[in-house]
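An overview of the molecular structure
If you want the building blocks of each chain, they are given just below.
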Amino acid sequence: MNLSFGIEIELLIRPKPLPKMRDYLTRFGWGNQDTKKLALRRALAKLITQASIACDVTHHEQGGVTIYDAWTVADEPALDQPPGYYGLEFISRVLDTTTHWVFEISTVFRVIHQYCDILVSSGCSTHVHMSPMLPRKFTRNDVIKVMMAAAYFDDPITRMMPPDRKDNEWAKSNFLPHKAVADEIWTAYSQVSVRTWGHMFQVCQKAVLELKPDSMWQKIASLQIFRDKYLAWNIKPLQDCGTIEFRRPPGVSNAQDACHWVAFSLGFMSSALSTSLDSARSRTTIPVVPEAKRYIENGLRIFGRESLAALRPELMVEDRRPPTRMTAQQLAIIQMQKEKYRKKKSYFEEKVCSHELLILSDDHSN
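Below, the structure is looked at part by part. (Residues numbered from 1 in each chain as written. Predicted model: local features only at pLDDT ≥ 70, side-chain atom pairs only at ≥ 80, totals over all residues. Heavy atoms only, no water.)

**A closer look at the pattern of salt bridges**
Enumeration over the complete set of coordinates arrives at 22 salt bridges. For Asp 319, the salt bridge goes to Arg 321, with nearest N and O atoms at 2.6 Å. Within the structure, one salt-bridge network assembled from shared partners comprises Asp 167, Glu 169, Lys 172, Arg 325 and Lys 338. (Salt bridge = Lys/Arg side-chain N within 4 Å of Asp/Glu carboxyl O.)

Following this line, the structure appears as structure tokens:
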């Protein structure tokens, strides 16, 4: 099964003093403090478009919308900006596993590196939205499979992450105690060593199957399975645009890392949708990192050599450094930012919703 997807990349950007960049910045209003960041976004969009990758900027401040079939250079106001740097987000068009997506992402990064300095702070992250390619759509059973796989491999995936993404406030585990996670979910996860993975899988299945067919996805929020979008696996977009978002990956400064996390996400999703975990039902132990690595690699194989080659083996081993801990002040700031943006759709969600694509199917047979 081929997948559609999109990537959101948060970066801190500083324009280089190159004649072409200076010319575009001046043309787009760099001299005006109020339009400085917009001028940088428009200059980068112009340069990326000249590299044969359609790109534009959002104009929310002017009542506009995100363009569906082009990349977008958007403002990322949640990032702390060191002097001279500007927080931006680069959002892909809707890509799929039949396209030369590695080349496209690499081209975008080549332009950014040519004309700008890149800084990746601990606040930067990378998100990947995924869905089946049309005409297929996510079904109820698909969501059960994804939830089961996400639970089963939650620990080894966490172990692969760098310190600032292991227990990140913007991408918490879906299966550990947290106010955003329903009690029955994290309780079942905590009891795996006694009650087996089969019990955990039954809880995942029951949580989805209890939804009524005529209002299935609208009821996800009211059932409070996952009460927030700030989780590793964000299922909130299912309700509006039909995607599942993987929020765990760290910020990236180059195309190789960006492509790795796309391939990582696609491989996981592919295996989750096509591979049964029935053999794990009687287990009471947590899978190890090499098992998760094989699972992701096997899922990628159906997409061909380009996708499999995008994986970076050195990023698929356990990172034994402890999780980054936030101070009380940092946590308070993050909480305020969360409340500010909680109801806002991501830019990629806006792309899909504006195109009225990927309306979730109520087909229970798949």
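Having seen it, we continue.
**Let's talk about the nonpolar core**
Judged by nonpolar contacts, the single largest core of 102 residues is most densely connected at Ile 13, Phe 90, Trp 101, Ile 185, Met 200 and Phe 268. With 12 residues, helix α10 (residues 255–274) is the largest single contributor of residues to this core. The contact partners of Phe 268, leaving out residues within four places of it in the chain, are Ala 149, Ala 150, Phe 153, Ile 157, Trp 233, Tyr 295 and Ile 296. Within the second largest apolar cluster, 8 residues are counted, among which are Tyr 68, Ile 91, Val 94 and Cys 241. (Core = buried A, V, L, I, M, F, W, Y, C linked by side-chain atoms within 4.5 Å. Buried < 20%, exposed > 50% of the residue type's maximum accessible area, 1.4 Å probe, protein only. Helix = DSSP H or I, 4+ residues; strand = E, 2+ residues; numbered from the N terminus. Contact = heavy atoms within 4.5 Å.)

**Notes on the environment of Ile 286**
Tracing the sequence through the fold places Ile 286 in the loop between α10 and α11 (289–300). Take Ile 286: its relative accessible area is 36%, and that puts it in the partly exposed class. Considering only alpha carbons, one finds Ile 286 and Gln 191, 95 residues apart in sequence, at a separation of 11 Å. With residues up to four places along the chain from it excluded, the contact list for Ile 286 reads Asp 155, Pro 156, Tyr 189 and Trp 197.

**A closer look at the layout of surface pockets**
Over the atoms, a rolling probe the size of a water molecule traces out where space has been left empty. Its boundaries defined by the atoms lining it, the largest pocket holds a volume of some 780 Å³. Along the wall of the largest pocket there are 32 residues; nearest its centre are Glu 76, Ala 78, Gly 123, Trp 170 and Gln 337. Where the lining of the largest pocket is concerned, the elements lending two or more residues are β1 (3–15), α13 (328–341) and α14 (347–354). The element contributing the most residues to the lining of the largest pocket is α13, with 5 residues. Among the residues making up the lining of the largest pocket, the classes are represented as 10 nonpolar, 9 polar and 13 charged. (1 Å grid on protein atoms, 1.4 Å probe; cavity = no way out; pocket = protein on both sides within 12 Å on 5 of 7 lines; lining within 4 Å. Points joined across faces, edges and corners; volume = space filled by probe spheres on them. Nonpolar A, V, L, I, M, F, W, Y, C, P; charged D, E, K, R; others polar.)

**Here we look at empty space enclosed by the protein**
Across all of its chains, the model carries 2 cavities of 30 Å³ or more by this definition. Along the walls of the largest cavity sit Val 146, Met 147, Ala 150, Asn 174, Phe 175, Phe 226, Trp 233, Ile 235 and Ile 244, which together make up its complete lining. When residues in the lining of the largest cavity are grouped by element, the largest group, 3 residues, is from helix α4 (residues 140–152). For the lining of the largest cavity, a count of residues per class yields 8 nonpolar, 1 polar and no charged. Quantified by volume, the second largest cavity comes out at close to 30 Å³. Here the lining of the second largest cavity gets 3 residues from one element, more than from any other, and that element is α10. Looking at the lining of the second largest cavity residue by residue, the classes come out as 4 nonpolar, 2 polar and no charged.

**Considerations on the side chain of Glu 291**
Mapped onto the elements of the fold, Glu 291 is located in helix α11. Contacts of Glu 291, omitting those with residues within four sequence positions, involve Tyr 152, Phe 153 and Arg 283.

**Regarding the pairing of strand β3 (residues 71–75)**
The side chains of a regular strand alternate between the sheet's two faces. With 4 of 5 residues buried, β3 is to be regarded as a mostly interior element. The pairing of strand β2 (residues 55–57) with β3 spans 3 bridges and is parallel. Looking at β3, one finds that Asp 56 is bridged to Thr 72. Where β3 and strand β4 (residues 86–91) come together, 4 bridges link them in antiparallel fashion. Looking across to β4, one finds that Val 73 is bridged to Phe 90. (Pairing = 2+ DSSP bridges.)

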